[in-house]
Number of protein chains: 2
Amino acid sequence: MNQSPPAAQAADRYDPRKFHEELVAHGLLHPSGVRGVHGRGEVFEHILQCFDALFMRTGDAPDARPMMFPPIVARELIEKMGYLGNFPQLIGSVHSFFGSDAQAREMAARAAEGERWEDMLDIAEVMLLPAACYPVYPLFGGLLPQGGRLVSVVGWCFRHEPSHEPTRMQSFRMRELVRVGAPEAVQQWRDDWLARGMAMFRSLGLPVHSEVANDPFFGKTGRLLAESQREMALKFEIVVPVVSLERPTAICSFNWHQEHFTGKFGIRQSDSAVAHTACIGLGLDRSVLALFKTHGMDPDRWPQEVRSVLRL
Amino acid sequence: MNQSPPAAQAADRYDPRKFHEELVAHGLLHPSGVRGVHGRGEVFEHILQCFDALFMRTGDAPDARPMMFPPIVARELIEKMGYLGNFPQLIGSVHSFFGSDAQAREMAARAAEGERWEDMLDIAEVMLLPAACYPVYPLFGGLLPQGGRLVSVVGWCFRHEPSHEPTRMQSFRMRELVRVGAPEAVQQWRDDWLARGMAMFRSLGLPVHSEVANDPFFGKTGRLLAESQREMALKFEIVVPVVSLERPTAICSFNWHQEHFTGKFGIRQSDSAVAHTACIGLGLDRSVLALFKTHGMDPDRWPQEVRSVLRL
């Protein structure tokens, strides 16, 4: 009998294409023909809803005021956020058709012939939402109520990084808690949540650990920004092996923005003092993928304790 | 005391801008700076979830197998659907950045100067989803199981028609049931749902009526397509006054596609006979707007019967 060496076994266990094939074979994901764009099947979706509900039962999440935003956002907001400079490789810009009857016929004819037709479009006022919490900050402009605010959102986010890795989706759901208030309170809240998040994922039997992290800033300047972000410990991530043992997947991030957003949007404490923001970003689809990777493709056969924590 | 004539009163009652202002003042919608793009507040969202749950308790909806799709879809699918020819005025095409470090700096610099920068982008493989059911049909290709299929989806749809009317959102949620199977069974299912839908909306105290309708086909050819669609009674809508008494708003549509999709995607019955599809499309955000228009801005003061039907 042929035996693979342990390293090869581990590599095989975490092979992203095999994992993708398994997910599709079990009807958990439905391919769309585009890398990183998937339909979700009934069982995947059920687990995702149960997992989101578990998170929303944790810590002070039940006190967060819910808001809901569409998957598109004002182009001006993306520009103001500095997203074009920091993450140009990830943007999705929305373009629409403003032409005549004759031009519409030409566009459709070109598409039917397999020719390019996008030069007949012009930009719309919106771009795709890159992070669920972005639309929240402009709404906080001015003086905060005493004690600040705590808001929860869940949104479909877009990041243009086409990949065969099932954990690197172009369109995915992010649950976020957003806290805004006094600097010390906000930092403490972020730190408390890092501990709570670790406990929650461990209760699901996931082999997580936490680490200092950075956003995927683009280019040379980006590397400096990333280094500075790490030095100041502004971002932590909880990671778990899903498609690689050596490079585990981030499933939750804990971000202290300091004055980045409160400065841009003129947000101040009730007594006019400087306010900070922080957010917890939970990758819902990624967390569900981590559960399937860790416990197998059939939730009926997951450990009883995990099922019970998820109220399955 | 000045008294407006009844016609002016009615016009005032249905003034779209006043309605929008009221919704914002009550925290039901949050403006984004872009026409037709809104955040939803806590109360709006709660009513929407209750309303969706009511629909999903109705008729055979509980038997439908749920699927979930992101708000983007393969560009090729939109082309194949003929959407560019039929509805070019509504499309949202996604464009991304594929350039170098230097080009990214130029793009960000242009944006910071308020200059145009979109010529630095190229098309991505996706477009915005225009109808929640579109990603379903390609997955049905081949022979259906005996009796056909019934699927439910809910999705964020995009239609580029910027407007100050709160009922004409660029990004909104559509719940759909999709039925595929024998032609007679599919048509009967569509007709049964028209009756069920009317009963459901009436139980909510909404002054609905139903009418033969057409899709918003573009241009001269479009007018012919629309006429033919009406003559064949392929589409019905349930409408209710929200922003106009004379031109009530469609909140639910009942569409019999005949072989339009089964032909394109090679979908056939289990015995290889011709299959048809139909779908029920429920405008979730619009239905909620109709409830607020009809019963007022405070759900605590809605009629007890309506509250009880919604399980508020």
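The written sequence of each chain sets the order in which its residues are numbered from 1. All chains are assigned letters beginning at A, and all ligands numbers beginning at 1, according to the order in which they are written. Residues qualify for local features only when their pLDDT is at least 70, as the model is predicted, and side-chain atom pairs are given and counted only at 80 or more; totals for whole chains, interfaces and linings, by contrast, use all residues. To obtain the side-chain values, all non-hydrogen atoms of the structure were used and water was disregarded.

**Student:** What exactly am I supposed to notice about the overall build of chain A here?
**Tutor:** To qualify as a helix, a DSSP run of H or I must reach at least 4 residues; to qualify as a strand, a run of E must reach at least 2; elements of each kind are numbered from the N terminus. Tallying secondary structure elements over chain A gives eleven helices and 14 strands in all. Throughout, the radius of gyration refers to the C-alpha atoms, and the reference size of a globule is 2.2 Å times the residue count to the power 0.38. By the compact-globule yardstick of 20 Å for 312 residues, chain A fits well, its C-alpha radius of gyration being 21 Å. Taken along its principal axes, the extent of the C-alpha atoms in chain A is 70 × 60 × 40 Å. Expressed as a percentage of its 312 residues, the buried residues of chain A come to 55%. Of the contacts formed within chain A by residues at least 6 apart in sequence, a portion of 71% connects residues at least 24 apart. Of the accessible surface of chain A, which amounts to about 13200 Å², a share of 50% is contributed by carbon and sulfur atoms. Burial classes: relative accessible area under 20% of the type maximum marks a residue as buried, over 50% as exposed, and values in between as partly exposed (1.4 Å probe, protein chains only). Any pair of residues with heavy atoms lying within 4.5 Å of one another is described as a contacting pair. For the area figures, the Shrake-Rupley method with a 1.4 Å probe applies, and any residue is considered shielded solely by the protein chains shown.

**Student:** For this particular structure, what's the right way to read the packing of aromatic side chains?
**Tutor:** In this description, an aromatic ring pair is defined by two values, namely the gap between the centres and the angle between the planes. Only the six-membered ring of Trp is used, alongside the rings of Phe and Tyr, when aromatic pairs are assigned; centres must lie within 6.5 Å, and planes under 30 degrees apart are stacked while those over 60 apart are edge-to-face, with the rest tilted. All chains considered together, the criterion is met by 20 aromatic pairs over all chains. Here the aromatic rings of A:Tyr83 and A:Tyr134 are separated by 6.0 Å at their centres, their planes lie at 85 degrees, and the arrangement is edge-to-face. Within this pair, whereas A:Tyr83 is found in helix α5 (residues 83-86), its partner A:Tyr134 is found in the loop between β6 (121-128) and β7 (142-143), the two being separated by 51 residues in sequence. Relative accessible area serves as the criterion here: at 4%, A:Tyr83 is assigned to the buried category. Measuring from ring centre to ring centre gives 5.9 Å for B:Phe51 and B:Phe201, while their planes differ by 35 degrees; the resulting arrangement is tilted. In this pair, B:Phe51 sits in helix α3 (residues 42-56) while B:Phe201 sits in helix α7 (residues 183-203), placing the two residues 150 residues apart along the sequence. Residue classification places B:Phe51 among the buried positions, given a relative accessible area of 0%. Linked through ring pairs, A:Tyr83, A:Phe87, A:Tyr134, A:Tyr137, A:Phe217 and A:Phe261 together constitute an aromatic cluster. Our definition puts a charge over a ring when NZ of Lys or CZ of Arg is within 6 Å of the ring centre and also within 35 degrees of the ring normal. Note that A:Arg13 overlies the ring of A:Tyr14, its terminal NZ or CZ placed 5.2 Å from the centroid.

**Student:** Whenever I open this one, the pattern of salt bridges confuses me. Can you help?
**Tutor:** Any two side chains of opposite charge can pair, given that their charged atoms come close. A pairing counts as a salt bridge when a side-chain nitrogen of Lys or Arg comes within 4 Å of a carboxyl oxygen of Asp or Glu. Applying the stated rule across the entire model yields 30 salt bridges over all chains. Its salt-bridge partner being B:Arg65, residue A:Glu42 comes within 2.7 Å of it at the nearest N-O pair. Of this pair, A:Glu42 sits in helix α3 (residues 42-56) while B:Arg65 sits in strand β3 (residues 65-66), on two different chains. On the basis of relative accessibility, which here comes to 32%, the residue A:Glu42 falls in the partly exposed class. When the shortest N-O distance is used, the salt bridge between B:Arg173 and B:Asp285 registers 3.0 Å. Pair noted here: B:Arg173 is in strand β9 (residues 171-181) and B:Asp285 is in helix α10 (residues 284-295), with a separation of 112 residues, a long-range link.

**Student:** Just checking my understanding: could you explain the relation of the copies chain B and chain A for this structure?
**Tutor:** Superposing the two chain copies requires a rotation about an axis and a translation along that axis. The atoms used to superpose the copies are C-alpha atoms, taken from residues with pLDDT of at least 70 in both, and the fit is least squares. Aligned on chain A, chain B shows an RMSD of 0.0 Å; the corresponding rotation is 180 degrees and the shift along the axis is 0.0 Å. Given the turn and translation reported, the copies of this chain are related as if by a two-fold rotation axis. Ranked by how close their C-alpha atoms come to the rotation axis, the residues of chain B are headed by B:Val94, at 2.5 Å. A share of 100% of interface residues in chain B that are also interface residues in chain A marks the association as one of identical surfaces.

**Student:** Whenever I open this one, the environment of B:Met107 confuses me. Can you help?
**Tutor:** Looking at where B:Met107 falls in the secondary structure, it is placed in helix α6 (residues 101-112). For B:Met107 and B:Leu121, which are 14 residues apart along the polypeptide, the C-alpha to C-alpha distance reads 9.4 Å. Apart from residues lying up to four places away in sequence, B:Met107 is in contact with A:Leu84, A:Pro88, A:Ile91, B:Phe97, B:Trp117, B:Met120 and B:Leu121.

**Student:** What is the right way to look at the environment of A:Gly197 in this model?
**Tutor:** All names here are of chain A. With respect to the helices and strands, Gly197 occurs in helix α7 (residues 183-203). For the pair formed by Gly197 and Met67, sequence separation is 130 residues and the distance between their alpha carbons is 22 Å. Beyond its immediate stretch of four places on either side in the chain, Gly197 contacts Ile238 and Phe254.

**Student:** Whenever I open this one, the interface of chain B and chain A confuses me. Can you help?
**Tutor:** Note on interface size: it is often stated as the accessible area lost on association of the parts. In this complex, chain B contributes 64 residues to the contact, which on the side of chain A involves 64 residues. When chain B packs against chain A, the two sides together hide about 5200 Å² of surface, and 67% of this comes from carbon and sulfur. The largest contributions to the chain B side of the interface with chain A come from B:Glu42, B:Met68 and B:Trp117, which together make up 12% of the buried area. Inspection of the chain B/chain A interface yields four salt bridges. Contacts described as polar in this section are N or O atom pairs within 3.5 Å, which, within protein, must combine one atom able to donate a hydrogen with one able to accept it, while residues neighboring in sequence count only if both atoms come from side chains. Our count for the contact surface shared by chain B and chain A stands at 15 residue pairs in polar contact (both at pLDDT 80 or more). Residue contributions to the side of chain B that touches chain A peak at eight residues, all from strand β6 (residues 121-128) of chain B. Simply put, the buried area is the total loss of 1.4 Å probe accessible area from both parts when two parts are fitted together.

**Student:** Can you walk me through the side chain of A:Glu237 in this structure?
**Tutor:** Looking at the element boundaries, A:Glu237 is found in strand β11 (residues 235-240). Non-local contacts of A:Glu237, meaning those with residues more than four positions away in its chain, are made with A:His209, A:Ser210, A:Glu211, A:Ala213, A:Ala250, A:Cys252 and A:Ser253.

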